[in-house]
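Survey of secondary and tertiary structure
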Amino acid sequence: MSWYEGIYSCGHEGRINIIGPTKDRQRKADWYFSNVCPECYKKYLKEERENKNKEAAEKSAEMELPKLIGTEKQVAWANSIRIEKINALMKKNEKIAEMLERKGLEKIPEENIGIKEISDATDYFIRVYTDAKWWIEHRRDDFILKEIIYLYKKHLDDVVNKDVIEEIKKEEESLTVLPNVDNRKKGIVRIKYYNSVLSAEYIRNDEFIDILKNLGYKWNGSVWTKNISEYTGNANDRIADLGNKLLLSGFTVQFPNIKSKEMAVSGIFTEENDRWVKYNTKIKKLTLTWKKRSDILYDNAKKLPGTMWENGSMNVSIEFYKEVLDFAETMGFSISKMAYEKIEKYKQVESKYDTAFVTVPNVNKLSDEERISKSLKSDRTIIEDLIDD
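Small disclaimer: the values here were computed from a predicted structure and weren't measured.

Bridge count for strand 9 (residues 276-280) against strand 10 (residues 285-289) is five bridges, and the pairing is antiparallel. Bridging from a neighbouring strand, N280 pairs with K285 of strand 10. As consecutive antiparallel partners, strand 9 and strand 10 are separated by four residues, and within that stretch K284 has a phi angle of approximately 55 degrees, a positive value.

Attention now goes to helix 3 (residues 72-103). With 32 residues, helix 3 ought to run about 46 Å at 1.5 Å a step, and its terminal C-alpha atoms sit 47 Å apart, in line with that. Two residues or fewer past helix 3, G104 is found with a positive phi of approximately 70 degrees.

Another point: the packing of helix 3 against helix 4 (residues 115-128). Here helix 3 crosses helix 4 at 170 degrees, and the two axes come no closer than 10 Å. The angle between helix 3 and helix 4 falls in the class roughly antiparallel. Here helix 3 contributes R82, I86, L89, N93, I96, A97 and L100 to the contact with helix 4, which in turn contributes I115, I118, T122, F125 and I126.

Across the sheet, six strands lie side by side as 3-8-4-5-7-6; this open sheet has mixed pairing. Strands at the two margins of the open sheet, each flanked by one partner only, are strand 3 (176-177) and strand 6 (218-219). Of the pairings in the sheet, the one linking strand 6 to strand 7 (residues 224-227) comprises two bridges and is antiparallel in character. The residue of strand 7 that forms the bridge with K218 is T225. Its contacts with the sheet place helix 9 (residues 235-248) against strand 3, strand 4 (188-194), strand 5 (197-201), strand 7 and strand 8 (252-254), and it is angled at close to 175 degrees to strand 4.

This part covers the nonpolar core. Core analysis: the largest hydrophobic core is formed by 26 residues, its most contacted members being V189, I191, F208, L242 and L246. In terms of residue count, helix 9 provides more of this core than any other element does, six residues in total. For V189, the residues in contact, after removing those within four places along its chain, are A200, E201, Y202, F208, L246, F251, T252, V253 and Q254.

Across all of its chains, the model carries 14 aromatic pairs by this definition. Clustering of aromatic rings is evident, with ring pairs tying together W290, Y298, W309, F327 and F333. Across the ring face of W3, the terminal group of R15 is positioned such that the distance to the ring centre comes to 4.1 Å. Over the ring of F251 we find K185, and its NZ or CZ is 4.9 Å from the ring centre.

Take the pattern of salt bridges next. Following the criterion strictly, the structure yields ten salt bridges and no others. The salt bridge partner of E137 is K133, with a shortest N-O separation of 4.0 Å. A residue pair is termed a helical-turn pair when its members lie 3 or 4 positions apart in one helix, as E137 and K133 do in helix 5 (residues 132-137) at four residues. One salt bridge connects K226 with E272, and the closest N-O pair in it is separated by 3.4 Å. In this pair, K226 is assigned in strand 7 and E272 in the loop between helix 10 (258-266) and strand 9, connecting sequence segments 46 residues apart. On the basis of relative accessibility, which here comes to 8%, the residue K226 falls in the buried class.

About the cut-offs
- Residues numbered from 1 in each chain as written.
- Predicted model: local features only at pLDDT ≥ 70, side-chain atom pairs only at ≥ 80, totals over all residues.
- Heavy atoms only, no water.
- Pairing = 2+ DSSP bridges.
- Helix = DSSP H or I, 4+ residues; strand = E, 2+ residues; numbered from the N terminus.
- Expected span 1.5 Å × (residues − 1).
- Axes fitted to C-alpha atoms, helices over the stretch in contact; angles between N-to-C directions.
- Parallel < 35°, antiparallel > 145°, perpendicular 65-115°, else oblique.
- Contact = heavy atoms within 4.5 Å.
- Core = buried A, V, L, I, M, F, W, Y, C linked by side-chain atoms within 4.5 Å.
- Buried < 20%, exposed > 50% of the residue type's maximum accessible area, 1.4 Å probe, protein only.
- Phe/Tyr/Trp six-rings, centres within 6.5 Å; stacked < 30°, edge-to-face > 60°.
- Lys NZ or Arg CZ within 6 Å of the ring centre and 35° of its normal.
- Salt bridge = Lys/Arg side-chain N within 4 Å of Asp/Glu carboxyl O.

Quick look at the structure:
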């Protein structure tokens, strides 16, 4: 490493540090000093950028492009970036036009669009994106024609179906309930139901999270969800249950349908039951399960014939289904679909058993005293010790 002094082509003196093989250092130094000095180069780049921005501004005005929004420096730079991107898009469009003409096609088969659609999509893209900051942040992106066309088609779809979109917005408004309470929370909890899964979206809030957790919802990384199944009950009941608790806690709620909204507001819905009579296919027995600890349930379920407590449930042979059903009705247990089917199947088997009226044996069994007395009256010899004095 060595320092070399010299005069740059701009006339300014300077000093540079050269590393590498000794035999190449002088050649490298001569090359560096053949250029302008660093300060002059910075000045040159600044002037070049300003000239480029000025040309871009003039070109934008000439093309009647929409004015960009931002600070003076942001707009100046973004204008240049936008012109570069537009030129690149125009070149792509020209190549596509040449390709279509060469093949005798009016539209691109894969996209089903022609030159007019491409041109309109490009114009729309340029007209919509007027934020200078956006162009600066995407200055290194290679704008794909498919993405631009997608944005344009989405725009056309929104325009054509504007009345439908407005209808959906009005419906969402009608499904949103504002609680009449003093401690009303800001924002809206949006409850959605799709593909047997309930979800609830809201900003982070401890009270909101506690309500969801108590109702068995799980965090999936983006929203709180709950799978709807036979054991949770009807989806509308679960939506109404959640909505009712949220409204009472001061949350504004948007429901997925009018029925669940009305159920939540009225408070008329079936609460989720955690007491179930199920059927365990592995051990082939009825099982009684419940979530909340209850000594009363345990003690009374234990009195059922042949019960066994295992893995958090009370197992009972299906032979005692009558006792199980009586217990379930008394203690508010629901019967699962499989348990019901197995019970009905067992009833059919049970109905095929022979029914008989069994006669009690007519056996007149003598007592020991009667036996001895009878023996004494007979001619048989008996042990003398057995004879009373």
